[in-house]
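Structural description and commentary
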Amino acid sequence: MDGDFSSFIGVSTIVSILTGVIVLKEAVSVFQLLGAAVIIAGVYIANSRTNVQEL
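The following refers to the structure shown. Remember, it's a predicted structure, so these values are computed and weren't measured experimentally.

Looking only at helices and strands, the protein has three helices and zero strands in total. Reading the protein from its N terminus to its C terminus gives the helix and strand order α-α-α. Burial analysis of the protein (55 residues in total) assigns 11% to the buried set. Per element, the accessible surface of the protein, about 4,800 Å² overall, is 67% carbon and sulfur.

Given below as structure tokens:
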């Protein structure tokens, strides 16, 4: 059960970026957008795996 939620830990980084942009009016860099895309892809891949045998 812990594995279901642990993959979402990276989403807090995206929330932090969005909060900085909205609240603090910070600029977003290309590297932040690329990093957010990598995090979202990783969470998607980690949660879309089916039929994986647990050790």
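Further remarks concern the environment of A46. Counting through the fold element by element, A46 comes out in helix α3 (residues 30-48). Accessibility expressed as a relative area gives 42% for A46, which makes it partly exposed. Along the chain, A46 and F8 lie 38 residues apart, while their C-alpha atoms are 9.4 Å from each other.

In this section: a nonpolar patch on the surface. Taken together, the side chains of L18, I22, V23 and L24 make up a nonpolar region of the molecular surface, amounting to roughly 430 Å² of accessible area. Looking at the element boundaries, I22 is found in helix α2 (residues 11-24).

So, how was this worked out
- Residues numbered from 1 in each chain as written.
- Predicted model: local features only at pLDDT ≥ 70, side-chain atom pairs only at ≥ 80, totals over all residues.
- Heavy atoms only, no water.
- Helix = DSSP H or I, 4+ residues; strand = E, 2+ residues; numbered from the N terminus.
- Buried < 20%, exposed > 50% of the residue type's maximum accessible area, 1.4 Å probe, protein only.
- Areas by Shrake-Rupley, 256 points an atom, 1.4 Å probe, with all protein chains shown as cover.
- Patch = residues over 30% accessible without salt bridge, like charges linked within 9 Å, V, L, I, M, F, W, Y side chains within 5 Å.
- Salt bridge = Lys/Arg side-chain N within 4 Å of Asp/Glu carboxyl O.

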